[in-house]
Amino acid sequence: MNRVLIIGCGGVASVAIQKCCQASHVFTEICIASRTKSKCDELAAKLEGKTSTIVTTAQVDADHQDQVEALIRSYKPNLVMNIALPYQDLTIMDACLACGVNYMDTANYEPEDTDDPAWRAVYEKRCRELGFSALFDYSWQWAYRERFQEKGLTALLGSGFDPGVTQAYCAYAKKHHFDVIDTIDILDCNGGDHGYPFATNFNPEVNLREVSSPGSYWENGRWIEIPAMSIHGKYDFDGVGEKDIYLLHHEEIESLVENIPDIRRIRFFMTFGQSYLTHMHSLENVGMLSTEPVMFEGHPIVPIKFLKALLPDPASLGSRTHGKTNIGCIFTGKKDGKEKRYYIYNICDHQECYREVRSQAISYTTGVPAMCGAMMLLTGKWNTPGVHTVEEFDPDPYLEALSQYGLPYTENFDPILVEV
Ligand code: NDP
């Protein structure tokens, strides 16, 4: 019997929760807890009578470790799934350590307040030493490795699609298809159209911070940073067609470099339409992506938070989004002394997701791996104590679970490579 505490009840969490309820044999009891309890109650009511998982709800502000600890002590879960925001990763990890519970999340830590001097000092040192300037990195959560190990607890970081499934694809390629991997290109294509001139597919604040930052990639033992969106090209995606692709910094590159140390190059590309980019640049130019508070009519407001309030809620895009996503990894390397290339990817249809869980494919492709990662921990398939990313574990049972719960993979043994 398992009791799982799920923190957050937004776009991604609501898919993960519905998927947990499809796997009641593993998720016997769940407690949905978030800042706004009414959202948890609404989802719990929707699930009533449709699952044998026992669903309860609670209110928690996960910015406060003591609140998370109190909830863990009263609910007594054997796993906490953090599907709130990256800002809460450390408080929830601290609470899990204090209470002796396993932890997982879908995105690595970044601070809400990037002006905090203590955080800035560490950040600026890392920028100088490592050579990339993204606001997020793994160092904050890797610093918990020994403490989780000592307590015999497992923390699984970044079990969404990217990060998450993309790293399982890397582990799968390494295990089954290559003796040596030379290069990896991670390709994230969203061919969906929601009909709005501008909206983001997941939390706007997190999404816009990521996309408007400089890009970077790993080559020949070091990071190379480039101005935002300055490396781009086109790629013809199976199931979607030709799209413009842009090189971004992405968190899984950092852990893959650690775990596949002999790799020569890793890059990450995402597709963007011209309308999205034009809006994003205009908003950036007028200061609407800033995280620094400004005074407006006597009140401090954070521009990007105000923008979030104006934009469509990503959770509301489901019914209007048509088209498909295609996310995967292209590898080059050697097998049995011969040069080899290999592409593994998933295609997901926005409307099929909507019919199943009332959500678009971005939340779906993140929520399903969140549930499958939790399933790996709860069934003891992934239970090495410490703090780990997905590629450190056996990919086979995870990919099997993903296929079973809605995200099967396709393989191509002669893919066209990315040329930019
Ligand atoms: P949403 O903004 O839709 O949902 C966030 C949820 O977290 C809301 O329910 C919100 O509550 C809750 N929350 C926020 N702050 C707190 C807090 N202090 N205490 C308790 N609950 C809180 O985000 P998404 O669902 O789009 O994204 C969820 C996570 O998934 C993010 O970390 C995101 O970065 C990650 N992600 C990962 C991807 C991957 O492939 N790995 C892809 C896409 C997203 P409230 O309703 O009160 O605001």
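For the structure, see preceding data.
What this report covers is the structure whose coordinates are included nearby.

## Digging into the site of the ligand
Point 1. Near the ligand, the surroundings consist of 28 residues, among which Arg 35, Thr 36, Lys 39, Ala 62 and Asn 203 are the closest.
Point 2. With respect to the ligand, the backbone of Cys 9 contributes an N or O atom lying 2.9 Å from an oxygen atom.
Point 3. Between a nitrogen atom of the ligand and a side-chain N or O atom of Asp 61, the distance comes to 3.0 Å.
Point 4. Notes on the ligand: free accessible area 930 Å², of which the protein chains cover 93%.
Point 5. The residue makeup of the shell around the ligand, split by class, is 13 nonpolar, 10 polar and 5 charged.

## Observations concerning the layout of surface pockets
Any empty space left between atoms is shown by rolling a water-sized probe over those atoms.
Point 1. Its volume calculated, the second largest pocket comes out at about 250 Å³.
Point 2. Around the second largest pocket, the lining comprises 15 residues; the ones closest to its centre are Thr 114, Leu 135, Arg 209, Leu 289 and Thr 291.
Point 3. In the lining of the second largest pocket, the residues fall into 5 nonpolar, 6 polar and 4 charged.

## A closer look at the environment of Leu 208
Point 1. Inspection of the secondary structure assignment puts Leu 208 in helix α9 (residues 204-211).
Point 2. Overall, Leu 208 belongs to the buried group, its relative accessible area being 0%.
Point 3. Between the C-alpha atom of Leu 208 and that of Met 280, which follows or precedes it by 72 residues, the distance is 7.8 Å.
Point 4. The contacts of Leu 208, once residues within four sequence positions are left out, are Phe 198, Thr 200, Tyr 276, Met 280, Leu 289, Ile 304, Leu 307 and Leu 311.

## Looking at the side chain of Thr 53
Point 1. Looking at the secondary structure, you find Thr 53 in the loop between α2 (37-47) and β3 (54-59).
Point 2. A polar atom in the side chain of Thr 53 sits 2.9 Å from the backbone oxygen of Phe 27.
Point 3. Contacts of Thr 53, omitting those with residues within four sequence positions, involve Cys 20, Cys 21, Ser 24, Phe 27, Thr 28, Glu 29 and Ile 30.

## Let's talk about the sheet that holds strand β4 (residues 79-82)
Point 1. Pairing in this open sheet of 7 strands is parallel, and the strands run β3-β2-β1-β4-β5-β6-β17 from one edge to the other. The sheet is open, and its two borders are formed by β3 and β17 (386-389), each paired with just one other strand. This sheet shows a mean twist of 20 degrees between the axes of neighbouring strands, independent of strand direction.
Point 2. In this sheet, strand β6 (residues 154-157) lies alongside strand β5 (residues 102-105) in parallel orientation, the contact comprising 2 bridges. By the bridge assignment for β6, Met 104 is matched with Leu 156.
Point 3. Along the sheet face, helix α14 (residues 361-378) touches β1 (3-7), β4, β5 and β6 and points at about 160 degrees away from the line of β4.

## Brief notes about unusual backbone geometry
One can expect most non-glycine residues to show negative phi and most peptide bonds to be in trans.
Point 1. Of the consecutive residues Asp 162 and Pro 163, the connecting peptide bond is found in the cis state with omega at 10 degrees.
Point 2. Tracing the chain through its elements places Pro 163 in the loop between β6 and α8 (165-176).
Point 3. In this structure, Asn 220 takes a positive phi of about 50 degrees despite not being glycine.
Point 4. Looking at where Asn 220 falls in the secondary structure, it is placed in the loop between β8 (215-219) and β9 (222-226).
Point 5. Even without being a glycine, Arg 358 presents a positive backbone phi close to 60 degrees.
Point 6. Of the residues examined, Arg 358 reaches a relative accessible area of 47% and is grouped as partly exposed.

Parameters and conventions
Residues numbered from 1 in each chain as written. Predicted model: local features only at pLDDT ≥ 70, side-chain atom pairs only at ≥ 80, totals over all residues. Heavy atoms only, no water. Near = heavy atom within 4 Å. Polar contact = N/O pair within 3.5 Å; in protein donor to acceptor, adjacent residues only side chain to side chain. Areas by Shrake-Rupley, 256 points an atom, 1.4 Å probe, with all protein chains shown as cover. Nonpolar A, V, L, I, M, F, W, Y, C, P; charged D, E, K, R; others polar. 1 Å grid on protein atoms, 1.4 Å probe; cavity = no way out; pocket = protein on both sides within 12 Å on 5 of 7 lines; lining within 4 Å. Points joined across faces, edges and corners; volume = space filled by probe spheres on them. Helix = DSSP H or I, 4+ residues; strand = E, 2+ residues; numbered from the N terminus. Buried < 20%, exposed > 50% of the residue type's maximum accessible area, 1.4 Å probe, protein only. Contact = heavy atoms within 4.5 Å. Pairing = 2+ DSSP bridges. Axes fitted to C-alpha atoms, helices over the stretch in contact; angles between N-to-C directions.

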